[in-house]
Amino acid sequence: MNHHHVHAILLRYLPGTLAETSLDHALADCGLSRQSFQLHHLPDVIAKLESSIRLFVDGPDQGKLRSELGALGGLSQRRALSLDIVEEADVSRARLLMKRVCNDFGISSVATQKCVTIVSELTRNIVSYTSGGSMELEVTASPRRICIRAKDTGGGIKNLDQILAGAYQSRTGLGKGILGVKRLSDDFQIKSGPSGTDIRAELGW
Ligand SMILES: Nc1ncnc2c1ncn2[C@@H]1O[C@H](COP(=O)(O)OP(=O)(O)OP(=O)(O)O)[C@@H](O)[C@H]1O
Ligand SMILES: [Mg+2]
């Protein structure tokens, strides 16, 4: 998500140079450049575009343009995505997706790193110990929350109590993945049984 998305919408309602200057002025009014613009700046930029919309866009089109920009702005308030997790490459995809969404919201690098670590651990477990599952991400701007959910239809986690108590000796890894996720989260829930595992990690940002 970047300035191109805003530009593309403006171009449908304004001639090229006018779309360009309107966007650049709105960005400058917000103290931004095309490079520094991020999705979370969108509500402010849309507000600054209002004078151009009134001046240059035909009356009947003004409402349509406002609602198209508003829909884009909605993405800066809430994002929900899901990804199937089956193979090792899906772990990298999930990490990248998490990083991008954090970047779009302007989430701090510390919180981003926590989220990427959580996504890594949970998706890698799905790939290592089950035949597949999914990861769901939801980020909201008010309240500032990130929810990461990993679900699979594997055989469930044995020794869960031991794992959560830090007393588990893993054969395949350090055995600290799930406990690490719990420690990084503000709210952590896990349901696991013979028909699968469902883990939910929530953080404020
Ligand atoms: N989704 C899952 N389905 C079934 N079993 C799982 C699942 N996730 C984890 N496990 C089991 O729980 C154990 C502990 O997982 P955890 O992620 O905490 O450590 P680990 O994967 O063994 O090592 P690492 O520290 O490298 O993650 C695993 O060894 C595995 O046996
Ligand atoms: Mg693990």
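Before going further, it helps to spend a moment on the packing of helix H6 (residues 109–129) against helix H8 (residues 177–184). Interaxial distance between H6 and H8 falls to 9 Å at its minimum, and their mutual angle equals 150°. As judged from the angle between their axes, H6 and H8 are roughly antiparallel. The handedness of the crossing between H6 and H8 comes out as left-handed. For the pair H6 and H8, the contacting residues are Lys-114, Thr-117, Ile-118, Glu-121, Leu-122 and Asn-125 in the first and Gly-177, Ile-178, Val-181 and Leu-184 in the second. Of the residues belonging to the contact of H6 with H8, the class tally is five nonpolar, three polar and two charged.

Split by domain assignment, the protein chain resolves into domain 1 (3–74) and domain 2 (78–204). On the side of domain 2, six residues touch domain 1, which itself brings four residues to the contact. Carbon and sulfur atoms supply 46% of the area that domain 1 and domain 2 bury against each other, a total of about 370 Å² over both sides. Counting the contacts that link domain 1 with domain 2 gives zero salt bridges. Where domain 1 meets domain 2, there are four residue pairs in polar contact (both at pLDDT 80 or more). For the side of domain 1 that touches domain 2, the residue count by class is one nonpolar, three polar and no charged.

Let us now look at the packing of aromatic side chains. All chains considered together, the criterion is met by one aromatic pair. For the pair Phe-105 and Trp-205, a centre-to-centre distance of 6.0 Å together with 75° between the ring planes defines the contact as edge-to-face. Remark: Trp-205 occurs in the segment after strand E5 (196–204) and Phe-105 occurs in helix H5 (residues 88–105); sequence separation between them is 100 residues. Using a relative accessible area of 3% as the deciding quantity, one classes Phe-105 as buried. According to the relative accessible area criterion, Trp-205 is partly exposed, its value standing at 22%.

Turning our eyes to something else, we now look at the site of ligand 1. As a structural note, the neighbourhood of ligand 1 is formed by 18 residues, with Asn-125, Tyr-129, Ser-170, Gly-175 and Ile-178 the closest of them. Here an oxygen atom of ligand 1 sits 3.3 Å away from a polar atom, N or O, in the side chain of Tyr-168. In this structure, an oxygen atom belonging to ligand 1 sits 2.6 Å away from a side-chain N or O atom of Ser-170. About the coverage of ligand 1: the protein hides 85% of its 590 Å² of free accessible area. For the shell around ligand 1, the secondary-structure elements that each account for two or more residues are H6 and H8. The leading source of residues in the shell around ligand 1 is H6, at three residues. Looking at the shell around ligand 1 residue by residue, the classes come out as six nonpolar, nine polar and three charged.

Turning to the environment of Ser-120, a few remarks are in order. Among the structural elements, Ser-120 can be located in helix H6. Sequence separation between Ser-120 and Val-181 is 61 residues, and the spatial gap between their C-alpha atoms is 9.6 Å. Not counting chain neighbours up to four residues away, the residues in contact with Ser-120 comprise Val-91 and Arg-95.

Take the pairing of E5 next. Here E5 lies mainly inside the structure; seven of its nine residues are buried. Examined bridge by bridge, strand E3 (residues 145–152) and E5 share eight bridges and lie antiparallel to one another. Counterpart to Cys-147 in the pairing with E5 is Glu-202.

Here we take up the side chain of His-41. Secondary-structure assignment places His-41 in the loop between helix H2 (16–29) and helix H3 (42–56). Residues within four places of His-41 in sequence aside, it is in contact with Leu-32 and Ser-36.

A general trend in soluble globular proteins is that nonpolar side chains are found buried together. Counting 31 residues, the largest nonpolar core has Met-98 and Ile-148 as its most contacted members. When contributions to this core are tallied by element, the ones reaching two or more residues are strand E1 (78–85), H5, H6, strand E2 (133–140), E3, H8 and E5.

The next thing to look at is H2. The first and last C-alpha atoms of H2 sit 20 Å apart over 14 residues, in line with the 20 Å expected at 1.5 Å per residue. Where H2 is concerned, the buried positions are Ala-19, Ser-22, Leu-23, Ala-26 and Leu-27. Projection of H2 onto a plane perpendicular to its axis shows the buried side chains occupying an angular sector of 130°, all on one side. Exposed residues lying more than 90 degrees from the buried face of H2 are Thr-17, His-25 and Asp-29.

Conventions adopted
- Residues numbered from 1 in each chain as written.
- Chains lettered and ligands numbered in written order.
- Predicted model: local features only at pLDDT ≥ 70, side-chain atom pairs only at ≥ 80, totals over all residues.
- Heavy atoms only, no water.
- Axes fitted to C-alpha atoms, helices over the stretch in contact; angles between N-to-C directions.
- Helix = DSSP H or I, 4+ residues; strand = E, 2+ residues; numbered from the N terminus.
- Parallel < 35°, antiparallel > 145°, perpendicular 65-115°, else oblique.
- Left-handed = near helix turned anticlockwise from the far one by under 90°.
- Contact = heavy atoms within 4.5 Å.
- Nonpolar A, V, L, I, M, F, W, Y, C, P; charged D, E, K, R; others polar.
- Domains from an automatic or database assignment.
- Buried area = accessible area lost by both parts, 1.4 Å probe.
- Salt bridge = Lys/Arg side-chain N within 4 Å of Asp/Glu carboxyl O.
- Polar contact = N/O pair within 3.5 Å; in protein donor to acceptor, adjacent residues only side chain to side chain.
- Phe/Tyr/Trp six-rings, centres within 6.5 Å; stacked < 30°, edge-to-face > 60°.
- Buried < 20%, exposed > 50% of the residue type's maximum accessible area, 1.4 Å probe, protein only.
- Near = heavy atom within 4 Å.
- Areas by Shrake-Rupley, 256 points an atom, 1.4 Å probe, with all protein chains shown as cover.
- Pairing = 2+ DSSP bridges.
- Core = buried A, V, L, I, M, F, W, Y, C linked by side-chain atoms within 4.5 Å.
- Expected span 1.5 Å × (residues − 1).
- Arc of directions from axis to C-beta.

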